[in-house]
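Residue strings, one per chain:
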Amino acid sequence: MLAPCLREKSRAAYLTVFMKWTTEETLRAKGQFWTPAWLARTMAAWVLSERPPVLFDPAAGPGTFFAAARSLGFQGSFAGFELDGAVLARASESGLGPGELQRITIGDFLGSPLRPTYPAIISNPPYIRHHRLDERRKRLLQARAAQWLGFNLDGRVGLHVYFLLKCLQSLSPAGRLAILLPADVCEGVSSARLWRRLSGRFRCDAVITFSEEAAPFPGLDTNALVFLLSNRPPHPRIPWLRVLRPEADAISSALADPRAGAAGGLAVQACERELEELVSTGLSRPARAHNARGVPLSAFAKVVRGIATGANEFFFLTSSQIRQHGLEKRFFRRAIGRTRDCPAAVLRARDLAALESAGRPTWLLSLDGAPERLLPAALRAYLIKAEQAGLAARPLIATRRPWYRMEQRAAPALLFAYLGRRDCRFVLNEAGVVPLTGFLCVYPRDQDPQHVRRLWRALNHPATLANLLYVGKSYGGGAIKAEPRQLDALELPAQVIKECGLARPPFLAEPTPGTGTSLHPASPRGPLPGAKSASLGIGPDGCLCRGDLPRTRPPPA
Ligand SMILES: C[S@@+](CC[C@H](N)C(=O)[O-])C[C@H]1O[C@@H](n2cnc3c(N)ncnc32)[C@H](O)[C@@H]1O
């Protein structure tokens, strides 16, 4: 009796997860996530503080911001856009009457003419990532943005960035804009350039970031933040807030006096930051401690992404599937697929055995370019079945010759969990597996086992892991994603290098005695791998320094 009951239970659990996923996917495609009431009030209070006659929302949804404005006693009118009429119709649930929504156009804000301008704009634009955008529309938006900014944005920016630009263009002189955006707007390839340009034309009145406990969209993989901007001359110092508890009044008091620091009590931390520091660090990130600087990982190791199979269900198998298809193990390599399969800091052979017993795949079909006719009959039959199912025509697989040839990687000594919330992100690969794309491969330049262990310790040091924030992209729930070239730039703080007994990378010169200036690579091999400047080296204080920067040691108190 127990088994069917359990089956029924797991079916129900599966359906719940599936429903949540499909609902989220539909909402994601349309960019429909509503601002929580406490944050809508905070944003509206700031935008309305100069008593504008009209409040404009370019993506009104069910009128979240309009309802917040009314709750604050706003008597003026509303204007805006909403693509989805059915969603706007839900505004009545918040007590907004049809007369109040007369000037809300059902249509595309980005396709509308630029005029008129507004004194108060408030927005939580649709977060639609670039791969969901139609190519023609994307090209048009890119061209318009380039014309206004004077340079090309990275082609991977999402729709929300174009909303930000158009909102700014739609601001009247001295007008205010409060906009809720995901952190990718300040952590992407063209972000620093974009914010340098915007903050040169507009005033950045404040940046509001949120801790996990106060996340505007709990449970979603988005690290959202609020930008308060106005069409006034720029200011070199910017209030930067970290909200720890979702309390609208505390945020408003911290905004009123950010220098008071603790104005928001326990709910908000506030400080003022130099515009240039903020833009170059990334507006979503806290200021960097001086002793956080160090040597980039690229000086110690080479980073490469894990193997992309193109079809894990075909190439990545369990022992019992291998038996079932009559295949031979000599064509397989031991591999690890999911970060969840590797929860500890060390991956050992016995962990693979445990995964195997739990029915998880650990064997990667790793064929070279050998012609099909030379392969055993059972393997040929397995490949033919896959070809008949259309596998060979899948995008990544179709680029390979022959299609079943697998990417090759030596087993890396260290694995890096690509995206995650775990404390320990670097795994010592004692099992000698190759990883799939859930991981990055980290190949230490010095293969000596003792050095590898020291490097592993240094990389998992909290002070090094804290630096991931400055190279990766942040997502919801504290998750950070780092691509290989971003991980190259991860700095191992000088103190950590010392504490873990890591040897100085061989191609860096000894410090020049008595100078606080930068050092140059000793060998003629050129710049430090991953370094942006050719004159990158370790200063006498053990910190990383560059020819174009004076030094990284903290100034005397
Ligand atoms: C993230 S929701 C925010 C809604 C509401 N302002 C809030 O904060 O709760 C974005 C809204 O934009 C709408 N939308 C998507 N693309 C749009 C476009 N091109 N023009 C106007 N509205 C759009 C979606 O239907 C969705 O209702």
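Note that the coordinates shown come from a computational prediction; the quantities given were computed from them, not determined experimentally. (Residues numbered from 1 in each chain as written. Predicted model: local features only at pLDDT ≥ 70, side-chain atom pairs only at ≥ 80, totals over all residues.)

1. A word on the overall build of the protein chain
Counting its regular elements, the protein chain contains 19 helices and 25 strands. Relative to its 557 residues, the protein chain shows a buried fraction of 40%. In the protein chain, of all internal contacts separated by at least 6 residues, the share reaching a separation of at least 24 is 71%. (Helix = DSSP H or I, 4+ residues; strand = E, 2+ residues; numbered from the N terminus. Buried ≥ 20, exposed ≤ 12 C-beta atoms within 10 Å, placed from the backbone. Contact = placed C-beta atoms within 7 Å.)

2. Here's the deal with the nonpolar core
A general tendency of soluble globular proteins is for nonpolar side chains to be buried together. The biggest cluster of nonpolar side chains holds 80 residues, and the ones touching the most others in it are Met43, Ala44 and Leu55. In terms of residue count, the dominant contributor to this core is helix α2 (residues 37–47) (seven residues). In this structure alanine 44 touches Phe65, Ala68, Ala69, Leu72 and Ile122, once residues within four positions along its chain are discounted. Formed by 53 residues, the second largest nonpolar core is a distinct cluster that contains Leu365, Ala417, Val471 and Ala482. (Core = buried A, V, L, I, M, F, W, Y, C linked by C-beta atoms within 7 Å.)

3. With respect to the packing of α2 against helix α3 (residues 64–71)
The interhelical angle for the contact between α2 and α3, taken along N-to-C directions, is 70°, at an axis separation of 8 Å. By the angle between their directions, the pair α2 and α3 is classed as roughly perpendicular. When the axes of α2 and α3 are compared, the crossing they make is right-handed. Contacts between α2 and α3 involve Ala37, Ala40, Arg41, Met43 and Ala44 on the former and, on the latter, Thr64, Phe65, Ala68, Ala69 and Ser71. Its residues placed into classes, the contact of α2 with α3 shows seven nonpolar, two polar and one charged. (Axes fitted to C-alpha atoms, helices over the stretch in contact; angles between N-to-C directions. Parallel < 35°, antiparallel > 145°, perpendicular 65-115°, else oblique. Left-handed = near helix turned anticlockwise from the far one by under 90°. Nonpolar A, V, L, I, M, F, W, Y, C, P; charged D, E, K, R; others polar.)

4. Remarks on the packing of α2 against helix α9 (residues 248–256)
Two elements in contact, α2 and α9, have axes whose closest approach is 9 Å; the angle formed by their N-to-C orientations is 30°. By the angle between their axes, α2 is roughly parallel relative to α9. Along this stretch, α2 crosses α9, giving a crossing that reads as right-handed. Across the interface between the two elements, Trp38, Arg41, Thr42, Ala45 and Trp46 from α2 touch Ala248, Ile251, Ser252 and Leu255 from α9.

5. Brief notes about the sheet that holds strand β14 (residues 346–347)
Across the sheet, which stays open at both edges, the five strands sit in the order β11-β20-β16-β18-β14 with mixed pairing between neighbours. This sheet does not close on itself; its edge strands, each paired only once, are β11 (301–305) and β14. Where strand β16 (residues 414–417) lies against strand β20 (residues 439–444), four bridges are found, and the strand directions are antiparallel. In the sheet register, alanine 417 faces β20, and the bridge partner there is phenylalanine 439. (Pairing = 2+ DSSP bridges.)

6. Some details on unusual backbone geometry
Cis geometry is adopted by the peptide bond preceding proline 116, which originates at arginine 115 and carries an omega value of -5°. With respect to the helices, strands and loops of the structure, proline 116 is situated in the loop between β3 (104–106) and β4 (118–123). Geometrically, the link from arginine 401 to proline 402 is a cis peptide bond, its omega value of -15° lying close to zero. Among the structural elements, proline 402 can be located in the loop between α15 (395–398) and β16.

7. Quick look at the site of the ligand
With respect to spatial proximity, 22 residues lie near the ligand, and among them Trp34, Ala59, Gly61, Thr64 and Asn124 are the closest. When contributions to the shell around the ligand are tallied by element, the ones reaching two or more residues are α3 and β2 (77–82). A class-by-class count of the residues in the shell around the ligand yields 11 nonpolar, six polar and five charged. (Near = placed C-beta within 6 Å.)

8. Some remarks on the sheet that holds strand β19 (residues 434–435)
Overall, mixed pairing links the four strands, which are arranged β12-β15-β13-β19 in an open sheet. At either end of the open sheet lies a strand with only one pairing partner, and these are β12 (316–317) and β19. Bridge analysis of β12 against strand β15 (residues 363–365) gives two bridges, and the strand direction is antiparallel. Along β15, the bridge assignment pairs leucine 317 with tryptophan 363.

9. Quick word on helix α8 (residues 191–201)
Within the span of α8, buried status applies to Ser191, Leu194, Trp195 and Ser199. An end-on view of α8 places all buried positions within 115° of arc, on one side of the element. On its buried side, α8 packs onto α7 (184–187), β6 (203–210) and α10 (275–281). (Arc of directions from axis to C-beta.)

10. A word on the pairing of strand β5 (residues 171–182)
The element β5 is largely enclosed, with a buried count of nine among its 12 residues. Both β5 and strand β7 (residues 224–230) contribute to a ladder of seven bridges, which runs antiparallel. Residue pairing across strands places leucine 180 opposite valine 226, the latter belonging to β7.

11. Notes on the environment of leucine 255
With respect to the helices and strands, leucine 255 occurs in helix α9. Along the backbone, leucine 255 and tryptophan 240 are 15 residues apart, and their C-alpha atoms lie at a distance of 8.9 Å.

12. Some words on the environment of alanine 289
In this fold, alanine 289 is placed in the loop between α10 and β10 (294–296). The sequence separation of alanine 289 and asparagine 467 amounts to 178 residues, and the corresponding C-alpha distance is 9.8 Å.

13. Brief notes about the environment of alanine 344
Its location among the elements puts alanine 344 in the loop between β13 (332–336) and β14. Residue classification places alanine 344 among the exposed positions, given that 11 C-beta atoms sit within 10 Å. For the pair formed by alanine 344 and leucine 428, sequence separation is 84 residues and the distance between their alpha carbons is 9.2 Å.

14. What about the confidence of the model for the protein chain?
Do not read the fine detail of predicted coordinates wherever pLDDT is low. In this model, the protein chain carries an average pLDDT of 86, and 83% of its residues clear a pLDDT of 70 or more. The low-confidence segment residues 1–7, where pLDDT is below 50, has zero contacts with residues more than four positions distant or belonging to other chains. Within the model, pLDDT remains below 50 along residues 509–557, and this stretch shows 89 contacts once partners closer than five positions in the same chain are excluded. (pLDDT = per-residue confidence, 0-100.)

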